[in-house]
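# What the coordinates show
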Amino acid sequence: MTDAVLARPRASEGGAFPNLLSSIRIGPVELRNRLMVPPHGGRIGNLWGSDEDAARNVAYWAARAEAGVGWLCGVTAHLGNRLIPGFEPTGVGAQTAGVIAQPYFVDRVSAYAEAVRAAGAAASVQLVKQGGTPHGPSSAMSAPIYNVVPHVLSAGEIAGVIDEFRFAAAQVAKTGANGIELHLNHDDLLEWFISPATNRRTDAYGGSLENRLRLPRQVLEAVRDEVGSEVMVGVRINLYQDIPGGYDTAAGIAHAQFLEATGLIDYLNVVIGTAWGNPSYIQPHFFAAGQWAEAVGELRRGVRLPVVHAGRITSPEVAEAILAAGHADVVGMARAHIADPEVLRKAAEGRTDEIRPCVGCNECISRHYVEELPFACAVNPAVGREVEGPLPRAAVSRRVLVIGGGPAGMELAGTAAERGHQVSLWEAGAELGGQLRLATAAPGYDDFVRYLRWHEGRLKRAGVVVELGRRATAEDVRAAAPDVVVVATGATPRIPAIPGADRSFVHEVRDVLAGRQLDGEHVVVIAGDDHMAPLSAADLLSDRGHRVTVLYAGVTPAPLLSRYMIGTILGRLDAKGVTVRCTADVHEIGQGCVVIRHTFSGRLETISHVAAVVLACGGLADDSLFTALQDEVPEGHVLGDAYAPRRLVHATRQAHALALTL
């Protein structure tokens, strides 16, 4: 095997990103720069689906390679499960047949690898065998919120797992991919063997560090037997496990040193997070950019192999700082490349202000798992359309008037102008952003401020004429005589029909976000919104010194938040002393109290000593202007919350879809 000696970052001549843009050799592969895009594209065109789906997936990765990324680990390849007849595996990542043995595996991965390598980047494949679905080293489970007991693997079944990885490596070797990464983290079966929380075995595969790492070592030996030294091989591991009974940073470093000492790997990909907790391994916007890089740097100082690190690396500036500080040798940026495929190109050309920022809202993963909706990005509605090519120019330039400068209006105005239309945008407020601007008052929303700032720059670059402080009337619109009118006037507050909701100490969440200060200690938040808003309001109120109780009528808080988001905000609120109650339907708001009704039993209970109540109950579509105009303009459209109040991702996708029709 090629000796992968650690290459420390070396500065290139000039430029703002000398370390990021410098090359590095990892095992047999020379990378043109130190930016890696980790796996994440399984829903961006299904590589294992139809030919059309596969082409869309390949085009997604090729676009990022063509924009200059040095290394893409663009395929997550799940191994199958060997099961008794009739057993049905369940859980995220559960597989029956897997994809490795499918007849199209080699052809599909070959197409991916060829497209990425043709653009000058390295292409690798991540091999995954999920833990607990149903297999585990012991009957212990990794999460206190799950109670599905795994099947304990016998010694013979463990040998079968090794054979599966051997076969998988042989299949990947046929594709021309540059590298293989073993997934030893985030509830993968191999992590379950490594962790003392889930490995309670008393045989050769349990107990000591060497025994718990025996299966990963044997799998690596099998992989190397198949691919030799010509393929880059690495592992993705958790620095530490923030779970009961999990391992700490010192143990994580020891694991890395053990794996390095085998001589079987070329690099270590070091990350943090659980598959369900706080933080999840897909960390949301509540965490600081590059928050765990310094801790990863501690591991890097204890090994000689190159270290890759991904996790809230949100911009080229953050990536450069991590490399310059010596915390990693390569940085991974996944969601940033969903938001903008040209991150590196724009950075290299000095156009960082044009990079569309990721806001860390995790719609890219939550939508699929919670709502079974197609893959989407909240800030980049064009993602996944790479196979269609660049944004098409309009056949005829038209005069388009957009009324409302929230996310829907801004996205529509920017996209329409970039297609060649003459666009004006009227916004009644003093700033662009609509309700999203209000939301940025809550803690942890700095990335959304960056997004709004980017939109302002985008509209200016596209030539959109923006008029702030202009509240449109039907007469004004008729006088302007546009060819197309798009009404994106947002929503008005939804006030539930609760007796007492009109009391003086009851406030609407928008007023609180806008700065209204509340008197007294105990504030009750009535949650009539299934996403983040009520919990973020509680976060803000807690920071202002209030004791907060959040009431949900349903059986769970924020049911539209996935497990990659909900653990963080609930953990954050609990640490601040916020109480979250479910099955608590509000029956009445009394003077200094809130009467709740158990949603299912009907039992009444009074919450006393309430100083203020905040209604976080979403909005009602404000489509009055559209109704007044729809028969009086040549072409009119209603958009975003003015049609039906939803979230940022819905607004931007609707805007993009409409802009393509103009």
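Above: the structure in question.
Reference entry: report on the structure contained in this document. All figures in this text were calculated on a predicted structure; none of them were measured in a lab.

## Thoughts on the overall build of the chain
- Secondary structure summary: the chain contains 21 helices and 27 strands in total.
- Put simply, the chain has 662 residues, and 58% of those count as buried.
- Sequence separation of at least 24 residues holds for 73% of the intrachain contacts in the chain that already meet a minimum separation of 6.
- Averaged over its 60 positive side-chain charges, the chain has a centre that lies 1 Å from the centre of its 72 negative ones.

## Details of the nonpolar core
- Formed by 161 residues in total, the largest nonpolar core has its most connected members in Tyr112, Leu127 and Leu412.
- The element that contributes the greatest number of residues to this core is helix α3 (residues 155-173), accounting for seven residues.
- Among residues more than four places away in sequence, those in contact with tyrosine 112 are Val58, Trp61, Leu72, Cys73, Gly74, Val75, Ala123, Ser124 and Val125.
- In terms of nonpolar packing, the next biggest core, distinct from the first, is built from 17 residues, Ala501, Val524, Leu551 and Ile589 among them.

## Let's talk about the packing of aromatic side chains
- Counting across every chain of the model gives eleven aromatic pairs.
- Residues tryptophan 48 and phenylalanine 105 carry aromatic rings whose centres are separated by 5.6 Å and whose planes lie at 15° to one another, so their mutual orientation is stacked. In this pair, tryptophan 48 sits in the loop between β3 (35-37) and α1 (51-66) while phenylalanine 105 sits in helix α2 (residues 105-118), placing the two residues 57 residues apart along the sequence. With respect to burial, tryptophan 48 and phenylalanine 105 carry one shared label: buried.
- A centroid spacing of 5.2 Å and a plane angle of 50° characterise the contact between phenylalanine 287 and tryptophan 292, whose relative ring orientation is tilted.

## Here's the deal with helix α9 (residues 316-324)
- Of all the positions in α9, only Pro316, Val318, Ala319, Glu320, Ile322 and Leu323 are classed as buried.
- On its buried side, α9 packs onto α8 (293-300), β12 (330-332) and α11 (343-348).

## Considering the pairing of strand β19 (residues 522-527)
- Extensive coverage of β19 is indicated by the burial of six of its six residues.
- Residues His522, Val524 and Ile526 point to one face of β19 and Val523, Val525 and Ala527 to the other, with burial holding for every one of them.
- Where β19 and strand β20 (residues 547-552) come together, six bridges link them in parallel fashion. Residue valine 525 lies in a different strand from β20, and its bridge partner there is valine 550.
- Between the parallel pair β19 and β20, the chain is carried across by helix α18 (residues 533-543), and the sense of this crossover is right-handed.

## Focus: the side chain of serine 562
- By the secondary structure assignment, serine 562 is in the loop between β20 and α19 (563-575).
- Residue serine 562 is classed as buried on the basis of its relative accessible area of 4%.
- Setting aside residues up to four positions removed in sequence, serine 562 forms contacts with Ser366 and Val370.

## Describing the sheet that holds strand β15 (residues 465-468)
- Sheet architecture is open: five strands sit in the order β15-β14-β13-β16-β27, paired in parallel fashion. Each of the sheet's edge strands pairs with one partner strand only, and the pair in question is β15 and β27 (636-638). Direction aside, the axes of adjacent strands within the sheet are offset by 15° on average.
- Taken strand by strand, helix α13 (residues 407-418) contacts β13 (399-403), β14 (422-427) and β16 (484-487), and its axis lies near 165° from that of β14.

## Some remarks on the pairing of strand β8 (residues 179-184)
- Most of β8 sits inside the fold, with six of its six residues counted as buried.
- Of the two faces of β8, both are covered, the one formed by Gly179, Glu181 and His183 as well as the one formed by Ile180, Leu182 and Leu184.
- The pairing of strand β5 (residues 122-128) with β8 spans four bridges and is classified as parallel. Of the residues in β8, the one forming a bridge with leucine 127 is leucine 182.
- One ladder, built from six bridges, connects β8 with strand β9 (residues 232-238); its direction is parallel. Across the sheet, histidine 183 pairs through a bridge with arginine 236, a residue of β9.

Basis of the calculations
Residues numbered from 1 in each chain as written. Predicted model: local features only at pLDDT ≥ 70, side-chain atom pairs only at ≥ 80, totals over all residues. Heavy atoms only, no water. Helix = DSSP H or I, 4+ residues; strand = E, 2+ residues; numbered from the N terminus. Buried < 20%, exposed > 50% of the residue type's maximum accessible area, 1.4 Å probe, protein only. Contact = heavy atoms within 4.5 Å. Lys, Arg positive; Asp, Glu negative; His and termini not counted. Charge placed at Lys NZ, Arg CZ, Asp CG, Glu CD. Core = buried A, V, L, I, M, F, W, Y, C linked by side-chain atoms within 4.5 Å. Phe/Tyr/Trp six-rings, centres within 6.5 Å; stacked < 30°, edge-to-face > 60°. Pairing = 2+ DSSP bridges. Right-handed = clockwise from strand over helix to strand, strands pointing away. Axes fitted to C-alpha atoms, helices over the stretch in contact; angles between N-to-C directions.

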